[in-house]
Amino acid sequence: MGSASNSKSIVSMRKRLIFALDVPTQREALELVDALAGEVGVFKVGKQLFVSSGPEIVKQIRRRGGDVFLDLKFHDIPRTVAKAAAEATKLDVAMLDVHASGSVEMMRETVREVAKTARDERVKRPKLLAITVLTSLNRSDLSRVGVKSTVESQVTRLAKLARLCGMDGVVASPLEVARIRRECGSRFLIVTPGVRPASSDVEDQKRVMTPEQAIRAGAKYLVVGSPIRNAPDPVQAARDIVAEMQRGTRLP
Ligand code: C5P
C-alpha cells in the first residue's frame, strides 16, 4: 500500500475507535480528551461520568471538536426514552443507545423523536444503537429472568428487531459480531467493546478479541477504555490499536 493511501486508511480507522471515558470527574475526562483528540474518533461518556458531571461534560467535549457517544443505555416507557434521547440529540451527540428489550414501540418512538429533534435543532441525527444482551450476562442469567434461549439467539433476535425498528446498529460483544453481520447486513453498525490489544495480558482470552480480529469479524466501531487509559503512554497505546485495526482490513 502506498504511503498516501496508508495514511488515509489510518485516518478512517481512527474514526472507528471509540475511547471510553470511564473516569469519575470532568477534570480527568477533559485531560484525556485533550491528550487523545487526534488519536481516536469518538469519546464515550457513560453513566459514571454523566452522573458526576452532567450534560456539561458533553458540551465541553463538543466545544473541543470531539464526537460523543452518550452511553446511558436508556430503558423505560417509550415516551420517557424518546424524550431523553431527544435531549441527547440537542446536545449534538454522535451516538446514543437504548435497550432493545425495552420494546418495539420504545425503539420506534425514539427513532421518530430523534429524527424530528435533529431536524428542528438543525443538528446531525445521532446514530441510534441498541443494546441486545449485556456482555456481563450468560445463559443462566437469562434463564433466571425467564429468557429460555441461548445468549447468541437472543442477541440475534434483538439485533434483527432493532434493525426493523429503524435503529442504526447494536452494541455487541466481539463474539457476536460475525453472526450479527451475517443476519443484519453490511450497513448495520456494530459497535464492539471487550477488545484487547494483541500485546495485552488477558485472563480469559475467550471473552475478548484483538482489534484486528474484531475488525475482521465485521465490527464497524471498537470501544476501548482501560488498555488506553492505563497504558504508560495512552497516545502511543491508541496509535498501536489503530494500527492493529488497520491490519484487520487487509487480506489474511
Ligand atoms: O474494558 P474497557 O475499559 O476497554 O471497557 C470500555 C467500555 O466497554 C466500558 O465503558 C464498558 O461499557 C464496555 N464494556 C462492555 N463489556 C465488556 C467490557 C467493557 O460493554 N465485557
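It should be noted that the structure appears before, not after, this text.
First, a word on scope: everything that follows refers to the structure included in this document. (Residues numbered from 1 in each chain as written. Predicted model: local features only at pLDDT ≥ 70, side-chain atom pairs only at ≥ 80, totals over all residues. Heavy atoms only, no water.)

This part takes up the overall build of the protein chain. A count of helices and strands for the protein chain gives twelve helices and eight strands. Taking the principal axes of the C-alpha coordinates as reference, the protein chain spans close to 45 × 40 × 35 Å. Across the protein chain, every contact between residues at least 6 apart in sequence was considered, and the portion connecting residues at least 24 apart equals 68%. Carbon and sulfur atoms provide 50% of the accessible area of the protein chain, an area that totals close to 12,500 Å². Once the 42 positive and 29 negative side-chain charges of the protein chain are each reduced to a mean point, those two points are 6 Å apart. (Helix = DSSP H or I, 4+ residues; strand = E, 2+ residues; numbered from the N terminus. Contact = heavy atoms within 4.5 Å. Areas by Shrake-Rupley, 256 points an atom, 1.4 Å probe, with all protein chains shown as cover. Lys, Arg positive; Asp, Glu negative; His and termini not counted. Charge placed at Lys NZ, Arg CZ, Asp CG, Glu CD.)

Moving on, we get to the site of the ligand. The local shell around the ligand consists of Ala-20, Asp-22, Lys-44, Asp-71, Thr-135, Pro-193, Arg-196, Val-223, Val-224, Gly-225, Ser-226 and Pro-227. A distance of 2.6 Å separates an oxygen atom of the ligand from a polar atom in the side chain of Arg-196. Backbone polar atom of Gly-225 to an oxygen atom of the ligand: 2.8 Å apart, as the coordinates give it. Protein contact buries 70% of the 450 Å² of open area that the ligand shows by itself. Here the ligand is seated within the largest pocket. Mapped by element, the contributors of at least two residues to the shell around the ligand are strand S8 (221–224) and helix H11 (226–229). For the shell around the ligand, a count of residues per class yields five nonpolar, three polar and four charged. (Near = heavy atom within 4 Å. Polar contact = N/O pair within 3.5 Å; in protein donor to acceptor, adjacent residues only side chain to side chain. 1 Å grid on protein atoms, 1.4 Å probe; cavity = no way out; pocket = protein on both sides within 12 Å on 5 of 7 lines; lining within 4 Å. Sits in = over half its atoms within 2 Å of the grid points. Nonpolar A, V, L, I, M, F, W, Y, C, P; charged D, E, K, R; others polar.)

Next up on the list: the layout of surface pockets. The calculated volume of the largest pocket comes to roughly 510 Å³. Lining the largest pocket we find 25 residues, and of these Lys-44, Thr-135, Pro-193, Gly-194 and Val-223 sit closest to its centre. By residue number, the principal contributor to the lining of the largest pocket is strand S3 (residues 67–74), which donates three residues. Here the lining of the largest pocket is composed, by residue class, of twelve nonpolar, five polar and eight charged. What the second largest pocket holds in volume is close to 290 Å³. (Points joined across faces, edges and corners; volume = space filled by probe spheres on them.)

With 65 residues, the main nonpolar core has Leu-21, Val-45, Ile-61, Leu-70, Met-107 and Ile-180 as its most contacted residues. Beyond its immediate chain neighbours, meaning those up to four positions away, Met-107 contacts Val-98, Ala-100, Ala-130, Leu-161, Ala-162, Cys-165 and Met-167. Listed in part, the twelve residues of the second largest apolar core include Ala-20, Val-42, Phe-69 and Val-223. (Core = buried A, V, L, I, M, F, W, Y, C linked by side-chain atoms within 4.5 Å. Buried < 20%, exposed > 50% of the residue type's maximum accessible area, 1.4 Å probe, protein only.)

Okay, the sheet that holds strand S7 (residues 189–192) next. Pairing within the closed barrel is parallel, and its eight strands lie in the order S1-S2-S3-S4-S5-S6-S7-S8. Within this sheet the neighbouring strands show an average axis-to-axis angle of 25°, counted without direction. In this sheet, strand S4 (residues 95–99) lies alongside S3 in parallel orientation, the contact comprising three bridges. By the bridge assignment, Phe-74 is partnered in S4 with Val-98. (Pairing = 2+ DSSP bridges. Axes fitted to C-alpha atoms, helices over the stretch in contact; angles between N-to-C directions.)

Any functional reading would require information that these geometric values do not contain.
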